[in-house]
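# Structural overview
Here is what each chain is made of, one letter per residue.
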Amino acid sequence: MAWVDLTESELGEYRITTAEPEDLDGWWAQRLEQARSLGKPVTADRCLRETYGDLEVYDVEFSGAGGDRIRGWYLRPGGVAGRRLPVVVTFPGYGLGRGLPMDHTLMPAVGFGHFVMDLRCQGPGVDDPGIAVSGITDPDTYYFTRVFLDAARAIDSVAELPGADPELVAVSGGSQGGGLALA
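From a predicted model like this one, the values you see are computed outputs, not experimental measurements.

## Regarding helix α5 (residues 143-157)
Between its first and last C-alpha, α5 extends 21 Å over 15 residues, near the 21 Å set by a 1.5 Å rise per residue. Along α5, the positions that sit buried rather than exposed are Tyr143, Phe144, Thr145, Val147, Leu149, Asp150, Ala151, Arg153, Ala154 and Ser157. Elements in contact with the buried residues of α5: α2 (24-37), β2 (56-63), β3 (69-76), β4 (85-91), β5 (113-117) and α6 (176-182).

What follows is the structure, given as structure tokens:
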């Protein structure tokens with residue numbers, strides 16, 4: 001259980017007092033439009049057939065912030081060729097990457113497509129504790145500005161994934177990934 005400095009009833013009533021910056025929605029809309037304009041087509045290459053059998057595993061690349069290529073796994077249940085499926089997009093927690101396809105088999109096991117976005121500059125073997133504050137003094141260069149745009153572009157990219165139904169998309173994630181899902 002997390003320790004907090006307010007009681008449960010105080011937390012229920014709490015409202016922030018920080019004013020939203022003027023035209024925040026417009027600021028984000030400009031950056032998202034720029035990311036979209038720099039986008040290249042999504043690639044989804046079927047891989048690891050010997051390992052996963054009928055489970056369809058794709059190594060995906062899509063364009064995130066600045067047109068940078070971002071990777072991910074896309075998994076689909078076997079035996080559903082030609083059917084469009086709902087897709088769950090998952091964003092990993094801080095310091096994690098997309099992991100291995102075997103880490104993400106629950107959604108396909110119950111009939112959903114599952115797209116897991118890799119996180120720029122995070123994951124096993126990446127040890128940069130300063131990445132979270134990189135560029136923090138300028139919202140245009142801030143690391144998390146790029147990560148939020150990558151997450152939005154991951155959602156856009158679902159429309160180009162094999163057999164995905166872009167009208168039926170859910171998002172999920174824990175810790176940092178939960179924040180990206182909420183955004």
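## Digging into a negative patch on the surface
A cluster of acidic side chains, namely Glu20, Glu22, Asp23 and Asp25, defines a negative patch on the protein surface. Its location among the elements puts Glu22 in the loop between α1 (8-13) and α2.

## As for the sheet that holds β4
On the basis of which strands lie adjacent, the open sheet formed by six strands has the order β1-β2-β3-β5-β4-β6 and mixed pairing. Bordering the open sheet on either side are β1 (43-46) and β6 (164-173), each of which pairs with just one other strand. Taken over all neighbouring pairs, the strand axes of this sheet differ in orientation by 25 degrees on average, direction set aside. Judged from the four bridges that link them, β4 and β5 form a sheet pairing that is parallel. Within the sheet, the bridge partner assigned to Val89 lies in β5 and is Phe115.

## Focus on α2
Since the α-helix packs 3.6 residues into each turn, any two residues three or four apart lie on the same face. Given a rise of 1.5 Å per residue, 14 residues ought to cover 20 Å, and the 20 Å separating the end C-alpha atoms of α2 matches this to within 8%. Those residues of α2 that fall on the buried side of the exposure criterion are Gly26, Trp27, Arg31, Leu32 and Ala35. Its buried side turned inward, α2 meets α5.

## Some points on the side chain of Arg153
Topologically, Arg153 is positioned in helix α5. The buried category is assigned to Arg153, whose relative accessible area is 10%. Within the local environment of Arg153, its side chain forms a polar contact with the backbone oxygen of Ser63, the two atoms lying 3.1 Å apart. Each residue touching Arg153, except ones within four places of it in the same chain, is listed here: Leu32, Ala35, Arg36, Gly39, Phe62, Ser63 and Gly64.

Rules used throughout
- Residues numbered from 1 in each chain as written.
- Predicted model: local features only at pLDDT ≥ 70, side-chain atom pairs only at ≥ 80, totals over all residues.
- Heavy atoms only, no water.
- Helix = DSSP H or I, 4+ residues; strand = E, 2+ residues; numbered from the N terminus.
- Expected span 1.5 Å × (residues − 1).
- Buried < 20%, exposed > 50% of the residue type's maximum accessible area, 1.4 Å probe, protein only.
- Contact = heavy atoms within 4.5 Å.
- Patch = residues over 30% accessible without salt bridge, like charges linked within 9 Å, V, L, I, M, F, W, Y side chains within 5 Å.
- Areas by Shrake-Rupley, 256 points an atom, 1.4 Å probe, with all protein chains shown as cover.
- Salt bridge = Lys/Arg side-chain N within 4 Å of Asp/Glu carboxyl O.
- Lys, Arg positive; Asp, Glu negative; His and termini not counted.
- Charge placed at Lys NZ, Arg CZ, Asp CG, Glu CD.
- Pairing = 2+ DSSP bridges.
- Axes fitted to C-alpha atoms, helices over the stretch in contact; angles between N-to-C directions.
- Polar contact = N/O pair within 3.5 Å; in protein donor to acceptor, adjacent residues only side chain to side chain.

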